[in-house]
Amino acid sequence: MQADVRQLLQDLEADAVARFDGLVHQWSQNEIDALHLALASERPLLVRGEPGTGKTQLARAAAAALRWYLHSVTISPRFEAQDLFCTFDAVQRLADAQAAAVGGGVKADERYWLPGPFWRAFAWSDARRYGPASAAAPAGDTEEPRGHVILIDEIDKADSDLPNSLLEVLGSREFPNPVTRQPIRPGAGLPLVVITTNEERELPAAFLRRCVVLTLEPDDPYVDFLVKRGEAHFGRGSPAAERLDVEILRIAAAQLDADREQATRAGVSPPGLAEYIDLLTALHRLAPGKPAEQKQWLQRLAPYAFLKNGIVDGSPELSQRRAAASAAIGDPAAE
């Protein structure tokens, strides 16, 4: 892989807008540089930042730019480290055993071992031989991908054994086949592993040292940062039916910035880029091509997009009811 790294992302440029699978991503130089380091060093890329800053979307954008296959896993508190590599379908095996009396029966072990994202990324063809026969060759997956991106989303929800298991496998570059006990190794270099965290739990220091770490931080001033992202989604480069006037983008950004400051002072989760894009999406669908109507909708809808923390003692400015009442006073449609 080392000889090809310089070519993999050569077409990416800072501020370039990528559109794929219905998503829009605006590349930053920090993202491009961090991806180059992760690919060249074959280390996982840990992406930090508050919710809604585009951590998950970065992995999807990287897979699209590389034209590699994306394996996506969202971590929950019940997720086990072993699930990244393989799982055993004990429920199906028990059902088959119980069906033996009516003509069924237990099948070969290969049918009950379900390959996880690392197995499929390390040994694509081998993994296709395992699991239910109906899932062994999914439609559209007949050819070996040119590369693999593994997205491990919200790793901070997992126990510490998951990061430690990752270190062990990425360090040794192998793990055992549960049936043959032979090592499963990557056929053509390690996959790109992108890991996201919302900082809900501290990650082990040893794990951090072995990752490339990218912290997604908004540009300053924050309003300009939002407007720039809004233009990427709804500006001149977007379809005509989806475009929004820059004045609308700036009014929405200023409102979010004010609500964000109030939320931060109150010690509650502030709104961010995700909420901003959600509101803009609603505006262009509710009043396409009609800036005056969009402005009215913006005033009416902003409280429900930006103020999500319920009743906060000592912070009446974060009340949806109060914000909605203020918007109604200035809304000619409400009179």
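Residues numbered from 1 in each chain as written. Predicted model: local features only at pLDDT ≥ 70, side-chain atom pairs only at ≥ 80, totals over all residues. Heavy atoms only, no water.

### Points about the overall build of the protein chain
Reasoning step 1: Along the protein chain, the regular secondary structure elements total 13 helices and 11 strands.
Reasoning step 2: Classification of the 335 residues of the protein chain by burial places 41% in the buried group.
Reasoning step 3: In the protein chain, 69% of the contacts between residues at least 6 apart in sequence involve partners at least 24 apart.
Reasoning step 4: Accessible area of the protein chain: about 17600 Å², with a carbon and sulfur share of 48%.
Reasoning step 5: Charge-centre separation for the protein chain: the mean point of 36 positive side chains lies 3 Å from the mean point of 47 negative side chains. (Helix = DSSP H or I, 4+ residues; strand = E, 2+ residues; numbered from the N terminus. Buried < 20%, exposed > 50% of the residue type's maximum accessible area, 1.4 Å probe, protein only. Contact = heavy atoms within 4.5 Å. Areas by Shrake-Rupley, 256 points an atom, 1.4 Å probe, with all protein chains shown as cover. Lys, Arg positive; Asp, Glu negative; His and termini not counted. Charge placed at Lys NZ, Arg CZ, Asp CG, Glu CD.)

### Looking at the nonpolar core
Reasoning step 1: By size, the foremost hydrophobic cluster in this structure holds 33 residues, and its most contacted members are Leu84, Phe118, Ile152, Leu162 and Leu166.
Reasoning step 2: Mapped by element, the contributors of at least two residues to this core are α5 (117-122), β7 (148-153), α7 (161-172) and β10 (192-197).
Reasoning step 3: The leading source of residues in this core is α7, at 5 residues.
Reasoning step 4: In terms of nonpolar packing, the next biggest core, distinct from the first, is built from 27 residues, Val5, Leu39, Leu66 and Leu151 among them. (Core = buried A, V, L, I, M, F, W, Y, C linked by side-chain atoms within 4.5 Å.)

### A few points about empty space enclosed by the protein
Reasoning step 1: If you walk through the whole model with that rule in mind, you get 3 cavities of 30 Å³ or more.
Reasoning step 2: Each pocket or cavity is described by its volume, and for the largest cavity that value is around 70 Å³.
Reasoning step 3: As for the largest cavity, its lining consists of 11 residues, of which Glu42, Arg43, Leu190, Pro191 and Leu192 are closest to the centre.
Reasoning step 4: Residue assignment for the lining of the largest cavity shows that the elements contributing at least two residues are α2 (29-41) and β10.
Reasoning step 5: Across the lining of the largest cavity, the residue classes tally to 9 nonpolar, no polar and 2 charged. (1 Å grid on protein atoms, 1.4 Å probe; cavity = no way out; pocket = protein on both sides within 12 Å on 5 of 7 lines; lining within 4 Å. Points joined across faces, edges and corners; volume = space filled by probe spheres on them. Nonpolar A, V, L, I, M, F, W, Y, C, P; charged D, E, K, R; others polar.)

### A word on the packing of aromatic side chains
Reasoning step 1: The full count for this structure, using the stated rule, is 9 aromatic pairs.
Reasoning step 2: Centre to centre, the rings of Phe118 and Phe122 are 5.9 Å apart; their planes meet at 70 degrees, and the pair counts as edge-to-face. Taken together, the positions of Phe118 and Phe122, both in helix α5 and 4 residues apart, correspond to about one turn of that helix. Each of the two residues, Phe118 as well as Phe122, counts as buried.
Reasoning step 3: An aromatic cluster of at least three residues, connected via ring pairs, comprises Phe85, Phe118, Phe122 and Phe175.
Reasoning step 4: Here the guanidinium or amino end of Arg260 rests over the ring plane of Tyr222, the centre of that ring lying 4.3 Å away. (Phe/Tyr/Trp six-rings, centres within 6.5 Å; stacked < 30°, edge-to-face > 60°. Lys NZ or Arg CZ within 6 Å of the ring centre and 35° of its normal.)

### Focus on the pairing of strand β2 (residues 23-26)
Reasoning step 1: As judged from the 4 bridges shared by strand β1 (residues 17-20) and β2, these two strands associate in the antiparallel manner. What sits directly across from Phe20, in β2, is Leu23.
Reasoning step 2: The antiparallel hairpin formed by β1 and β2 contains 2 residues in its connecting segment, where Asp21 sits at a positive phi of about 50 degrees. (Pairing = 2+ DSSP bridges.)

### Overview of the pattern of salt bridges
Reasoning step 1: The full count for this structure, using the stated rule, is 15 salt bridges.
Reasoning step 2: Residues Glu261 and Arg265 are paired through a salt bridge, measuring 2.6 Å at the closest nitrogen-oxygen approach. Linking Glu261 with Arg265, this pair stays in helix α10 (residues 246-266), spanning 4 residues, or about one helical turn.
Reasoning step 3: The class for Glu261 is partly exposed, based on a relative accessible area of 41%.
Reasoning step 4: On the basis of relative accessibility, which here comes to 62%, the residue Arg265 falls in the exposed class.
Reasoning step 5: Three or more residues joined by partner-sharing salt bridges are found here, namely Glu154, Lys157 and Glu200. (Salt bridge = Lys/Arg side-chain N within 4 Å of Asp/Glu carboxyl O.)

### With respect to the sheet that holds β7
Reasoning step 1: As summarised here, the arrangement of the 5 strands in space is β4-β7-β10-β3-β11, forming an open sheet in which the pairing is parallel. Looking at strand neighbours, the two that pair on one side only are β4 (69-74) and β11 (212-215), the edges of this open sheet. Strand-to-strand twist of the sheet, defined as the mean angle between neighbouring strand axes without regard to direction, takes the value 20 degrees.
Reasoning step 2: Note that strand β3 (residues 45-48) and β10 share 4 bridges and pair parallel. Bridged to Val47 within β10 is Thr196.
Reasoning step 3: Where α2 meets the sheet, it contacts β3, β10 and β11, and its direction lies at approximately 170 degrees from that of β11.
Reasoning step 4: The strands touched by helix α3 (residues 55-66) are β3, β4, β7, β10 and β11; relative to β7, the strand with the most contacts, the crossing angle is about 175 degrees. (Axes fitted to C-alpha atoms, helices over the stretch in contact; angles between N-to-C directions.)

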